[in-house]
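# Report on the structure
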Amino acid sequence: MVTRESELLRVLGNLKDDLGDPQWVALVDDRGLVMACVPENPQIDIERVAAMVAALTISGERVINEIAGGHLRYVNVSGSKRQQLIIFLNMECVLTLGLDPYVSPRSTFKALARWAPKIMQVLQMRFSRD
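Described in the following lines is the structure provided in the data block.

The rules behind the values
Residues numbered from 1 in each chain as written. Predicted model: local features only at pLDDT ≥ 70, side-chain atom pairs only at ≥ 80, totals over all residues. Heavy atoms only, no water. Helix = DSSP H or I, 4+ residues; strand = E, 2+ residues; numbered from the N terminus. Contact = heavy atoms within 4.5 Å. Pairing = 2+ DSSP bridges. Axes fitted to C-alpha atoms, helices over the stretch in contact; angles between N-to-C directions.

### A look at the side chain of threonine 57
- Topologically, threonine 57 is positioned in helix α2 (residues 46-66).
- Beyond its immediate stretch of four places on either side in the chain, threonine 57 contacts Leu72 and Phe88.

Right, here's the structure in full:
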């Protein structure tokens, strides 16, 4: 049976394939709950990733408001071993990518432009409970 979760995993898997080999691709809701993640068990605990999404979202919104920067589109935190890119799809959910440190966030935009609308379609679909 096709479920919202199975469809999200399918689309996130396709996005992961388009991006090369990110460490994770996850969809996190506005409460900090992981809706779907590919791979299922990334190197970093996905609950920790979701917690960082919440923290970075609050910080990013504060900064963008202070500088009158408009709507927050994405946040990127990059370290020497990995980086986390958070893309704001809408007010209810964000997409987070775990990338190697040498990957340019900009290099992800083409794949994101292709797959973000499909993610949004899945989120808006109605699924029956059989």
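Anyway, onward from the coordinates.
### Some remarks on the sheet that holds strand β5 (residues 93-99)
- With antiparallel pairing, the 5 strands of this open sheet are ordered in space as β2-β1-β5-β4-β3. Each edge of the open sheet is held by one strand with a lone partner, namely β2 (34-38) and β3 (74-78). Looking at each pair of strands side by side, their axes are set apart by 15° on average, direction ignored.
- Across 5 bridges, β3 lies against strand β4 (residues 83-88) in antiparallel orientation. Within β4, the position partnered with tyrosine 74 by the bridge is isoleucine 87.
- In the packing of helix α1 (residues 4-19) onto the sheet, contacts are made with β1 (24-29), β2 and β5, and the angle to β2 comes to roughly 45°.
- Relative to β4, α2 is tilted by about 60°, and along the sheet it contacts β1, β2, β3, β4 and β5.

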